[in-house]
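So you can see what is in the structure, the chains are spelled out below.
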Amino acid sequence: MLLTAEEKEMLEGAQGRATQKAMQILVALGEIYGAEHMIPVTSVQIAGVSYDNLGEAGLQFLSEMAEGGGKARVHTTLNPAGMDIESWRILGIQPDFAEKQERVLDAYSRMDVITTCTCTPYLTGNLPLLGEHIAWSESSAVCYANSVLGACTNREGGPSALASSLTGRTPEYGFHLVENRHPRVTFLVDARLAETSEFGGLGKVIGEHIQSSKAIPYIRGIQAVTLENLKSFCASLATYGGAALFHMEGITPEADSIKPPAEQVKISKIELEAAIQSLNDATVAEVDFVSLGCPHLSIHEIEQIAQLLEGRQVKKEFWITTARATMQIADRCGYTSIIEAAGAKFAADTCCVVAPIQGRFTAMATDSAKACYYASAKNQFKTLLLPFDEVVRLACL
Amino acid sequence: MILHGRSIFQGNAEGEALVTSQPISFFGGVDPETGVVVERGHPLEGQCIAGKVLVFPTGKGSTVGSYTLYRLKMNGYAPIAILNAECETIIAVGCIIAEIPCVDQLPFHEIQSGSLVQIDGSSVIIKDPANH
């Protein structure tokens, strides 16, 4: 790779140990993927925040980077932590875990990373623009940034995103190059979708088609979408297909300048329903955990929950996961008090995928196809994938 | 038989191959405390990847997977090497920070589970094809 004088200095250790390690990671990636040089990035989103995911090994890695003098050089935000940083006790988190989680956040803080703790940074002020080069991890946010916002990022891992933050660079390869953003397969959706759960199902169907080929999908037949639909779709497409980018006719910003690929796959209503059914192995009676907010809820979704719960009582453990900034808007609007009066619990800064909840529940109801995957694989829960409103109603049964 | 690929993380290793035709998500898909594949319905579900030359087409899923590889290494349950058809960044970074030899762009259909495989830089030597 051709490095600038400053980048060479970083690599040789003149700017500290952490910056050196960061540049080593980026140069290694650049060499592997044939990048000719580094490019500046303007925004970073870091995954690898929950102590449940990092373990002692990950905490040690981050502490060494902080002690090695690493400092964020660009706007850098964090993924969800393993707990609500303020009210972890009422969520049943153990003090020992909380102490370790605080050490993780402290390490990031010392590196000048903004400890937002959300998987939807684009809802809380980390919002790159069309064509902007960024280095994001968090698979759902990567897919959203590339596809919906039209920013350019590879699917960074936690450590490589941190490396980009500490150097302000990323190797120029993959999705940073226009020629790698072209779709290869057209998916024609022959069904009307409205619910987040249905868009999650669509993400699973398309994801499974492309998971080995990694072909970029060009999606046709979607009439209208909401931000919440796209957020759910991105999460599912990344979970089941490892996808970083899709184009959607009439909806995503790069789609209109692209000719749909000749290879076409038709997706029927039946296929979609089968994908949703495949995530339903729990019965309504078995559900002992209800979770909304994967990815983190928008203020509009919280408003919907408040409307549905007003004057009612929740009968099951019900977690509402969102960014703290979003929750603070909900506080101001009075949604939080309605929801908490109904007995549901706000879990800001965290989510059901990264919180240490293995063994605490047996079956989870959600509107998120992504949450179903991790509940089943990571926590061995049975799952029920339902439309958003039905999830709220089920919590009251 | 000698296969030539692209070195993702340089190193030497020798061990028994564990092969799957399906992508792997290390985060959520592999237990970092035991090295056992836990993804429901995955062809390797229930099998331990510790000490194996793990052969799979590519990565999928969460971007936390790099740390899962690092944890597996620190806990002593990492594969001794990883062979991919196409290595993606999550696996690549995991291998770099955990120092797990990794080679990709290999015709991995040539490798069968149970074969004794040696990795030497970007070369992969299949010493004892299991099906012979």
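Residues numbered from 1 in each chain as written. Chains lettered and ligands numbered in written order. Predicted model: local features only at pLDDT ≥ 70, side-chain atom pairs only at ≥ 80, totals over all residues. Heavy atoms only, no water.

K.L.:
Requested: an account of the overall build of chain A, with residues and values cited.
P.N.:
Secondary structure summary: chain A contains 14 helices and 14 strands in total. Computed over the C-alpha atoms, the radius of gyration of chain A is 21 Å, within 12% of the 21 Å expected from 2.2 N^0.38 for a compact globule of 397 residues. Judged by the C-alpha coordinates and their principal axes, chain A covers about 65 × 55 × 35 Å. Each of the 397 residues in chain A was classed as buried or not, and the buried ones make up 63%. Across chain A, the fraction of contacts at a sequence separation of at least 24, relative to all contacts at a separation of at least 6, is 78%. As displayed, chain A has an accessible area near 14000 Å², and 51% of this comes from carbon and sulfur atoms. (Helix = DSSP H or I, 4+ residues; strand = E, 2+ residues; numbered from the N terminus. Rg over C-alpha atoms; globule rule 2.2 N^0.38 Å. Buried < 20%, exposed > 50% of the residue type's maximum accessible area, 1.4 Å probe, protein only. Contact = heavy atoms within 4.5 Å. Areas by Shrake-Rupley, 256 points an atom, 1.4 Å probe, with all protein chains shown as cover.)

K.L.:
Explain the overall build of chain B to me, and be specific about the residues and the numbers.
P.N.:
When helices and strands are counted, chain B shows 3 helices and 8 strands. Tracing chain B from N to C terminus, the helices and strands come up as β-β-β-α-β-α-β-α-β-β-β. Over its C-alpha trace chain B gives a radius of gyration of 13 Å, about what one expects of a compact globule, namely 14 Å for 132 residues. Taking the principal axes of its C-alpha atoms as reference, chain B extends roughly 35 × 25 × 25 Å. A burial count over chain B gives 59% of its 132 residues as buried. Mean positive and mean negative side-chain charge positions of chain B (7 and 13 charges, respectively) differ by 4 Å. (Lys, Arg positive; Asp, Glu negative; His and termini not counted. Charge placed at Lys NZ, Arg CZ, Asp CG, Glu CD.)

K.L.:
How would you explain the packing of helix α1 (residues 5-12) of chain A against helix α2 (residues 17-32) of chain A if you had to name every residue and give the values?
P.N.:
To describe two helices that pack against each other, one gives the angle between their axes and the distance between the axes. Residue and element names in this part refer to chain A. Where α1 contacts α2, the axes come no closer than 7 Å and their chain directions differ by 110°. Comparing their axes, α2 and α1 come out roughly perpendicular. Of α2, the residues touching α1 (which contributes Glu 7, Met 10, Leu 11 and Glu 12) are Thr 19, Gln 20, Met 23, Gln 24 and Val 27. Of the residues belonging to the contact of α1 with α2, the class tally is 4 nonpolar, 3 polar and 2 charged. (Axes fitted to C-alpha atoms, helices over the stretch in contact; angles between N-to-C directions. Parallel < 35°, antiparallel > 145°, perpendicular 65-115°, else oblique. Nonpolar A, V, L, I, M, F, W, Y, C, P; charged D, E, K, R; others polar.)

K.L.:
A description of empty space enclosed by the protein should follow, citing residues and the corresponding values.
P.N.:
Residue and element names in this part refer to chain A. For the structure on display, the rule yields 2 cavities of 30 Å³ or more. Estimated volume of the largest cavity: approximately 180 Å³. Around the largest cavity, the lining comprises 21 residues; the ones closest to its centre are Asn 79, Glu 138, Val 353, Val 354 and Lys 370. Sorting the residues of the lining of the largest cavity by element identifies α5 (139-149) and α13 (369-377) as the ones contributing at least two each. Across the lining of the largest cavity, the residue classes tally to 11 nonpolar, 8 polar and 2 charged. Domain assignment of the residues forming the lining of the largest cavity places at least three in each of domain 1 (5-178) and domain 3 (284-395). Taken as a whole, the second largest cavity holds about 60 Å³ of empty space. Around the second largest cavity, the lining residues are Thr 196, Glu 228, Lys 231, Ser 232, Gly 293, Cys 294, Pro 295, Leu 297, Glu 301, Asp 367, Ser 368 and Phe 388. (1 Å grid on protein atoms, 1.4 Å probe; cavity = no way out; pocket = protein on both sides within 12 Å on 5 of 7 lines; lining within 4 Å. Points joined across faces, edges and corners; volume = space filled by probe spheres on them. Domains from an automatic or database assignment.)

K.L.:
Go over the sheet that holds strand β9 (residues 264-268) of chain A with me, naming the residues and quoting the values.
P.N.:
Residue and element names in this part refer to chain A. In space, the 4 strands of this open sheet follow the order β8-β7-β6-β9, with parallel pairing throughout. Of all the strands in the sheet, the pair left with one neighbour each is β8 (247-248) and β9. Where strand β6 (residues 185-190) lies against strand β7 (residues 217-220), 4 bridges are found, and the strand directions are parallel. From the neighbouring strand, Phe 187 faces β7, where its bridge partner is Ile 219. (Pairing = 2+ DSSP bridges.)

K.L.:
I'd love a proper account of the nonpolar core, names of residues and values included.
P.N.:
Core analysis: the biggest nonpolar cluster contains 101 residues, and Leu62(A), Tyr108(A), Leu162(A), Phe26(B), Leu54(B) and Ile82(B) have the highest contact counts within it. Shared between two domains, this core takes at least three residues from each, and those domains are domain 1 (5-178) and domain 3 (284-395) of chain A. Residues Tyr144(A), Ala145(A), Val205(A) and Ile216(A) belong to the second largest nonpolar core, which totals 39 residues. (Core = buried A, V, L, I, M, F, W, Y, C linked by side-chain atoms within 4.5 Å.)

K.L.:
Give me the lowdown on the pattern of salt bridges, citing residues and values where you can.
P.N.:
All told, the structure shown has 24 salt bridges over all chains when counted by the stated rule. We note a salt bridge from Arg71(B) to Glu33(B), for which the minimum N-O separation is 2.7 Å. With Arg71(B) in helix α2 (residues 65-74) and Glu33(B) in the loop between α1 (26-29) and β4 (53-56), this pair connects stretches of sequence that are 38 residues apart. With a relative accessible area of 43%, Glu33(B) lands in the partly exposed category. Among the charged side chains, a salt-bridge network with shared partners connects Glu6(A), Glu7(A), Arg73(A) and Arg169(A). (Salt bridge = Lys/Arg side-chain N within 4 Å of Asp/Glu carboxyl O.)

K.L.:
Which residues make up the environment of Ala330(A), and what are the values?
P.N.:
Residues and elements named next belong to chain A. On the secondary structure map, Ala 330 appears in helix α11 (residues 324-333). Between the alpha carbons of Ala 330 and Ser 43 there is a distance of 27 Å; along the sequence they are 287 residues apart. Residues within four places of Ala 330 in sequence aside, it is in contact with Ile 299, Ile 302, Tyr 335 and Thr 336.

K.L.:
How would you summarise unusual backbone geometry if you had to cite specific residues and measurements?
P.N.:
The amide bond that connects Cys294(A) to the next residue, Pro295(A), takes the cis arrangement and shows omega of -10°. Relative to the assigned elements, Pro295(A) resides in the loop between β10 (289-292) and α10 (299-309).

K.L.:
Mind laying out the domain arrangement of chain A, listing which residues take part and the relevant values?
P.N.:
Residues and elements named next belong to chain A. The domain boundaries assigned to chain A delineate domain 1 (5-178), domain 2 (182-275) and domain 3 (284-395). Measuring from the centre of the C-alpha atoms in domain 2 to the corresponding centre in domain 3 gives 25 Å. Tallying the contact residues gives 12 residues for domain 2 and 16 residues for domain 3. For the pair domain 2 and domain 3, the two sides together bury roughly 1100 Å², of which 60% comes from carbon and sulfur. When residues of domain 2 are sorted by the area they lose upon contact with domain 3, Ser 197, Lys 231 and Thr 239 head the list and together hold 41% of the total. The interface formed by domain 2 and domain 3 includes 1 salt bridge. The closest approach of N and O atoms between Lys 231 and Glu 301, which form a salt bridge, is 2.9 Å. Along the contact surface separating domain 2 from domain 3 lie 6 residue pairs in polar contact (both at pLDDT 80 or more). Elements that contribute at least two residues to the side of domain 2 that touches domain 3 include exactly α7 (196-210) and α8 (227-241). Sorting elements by how many residues they give to the side of domain 2 that touches domain 3 places α8 first, with 7 residues. (Buried area = accessible area lost by both parts, 1.4 Å probe. Polar contact = N/O pair within 3.5 Å; in protein donor to acceptor, adjacent residues only side chain to side chain.)

K.L.:
Break down the layout of surface pockets for me, with residues and values.
P.N.:
Space inside the largest pocket adds up to approximately 680 Å³. Around the largest pocket, the lining comprises 27 residues; the ones closest to its centre are Gly174(A), Phe175(A), Lys214(A), Glu86(B) and Glu88(B). Here the lining of the largest pocket spans two domains, and each of domain 1 (5-178) and domain 2 (182-275) of chain A adds at least three residues to it.

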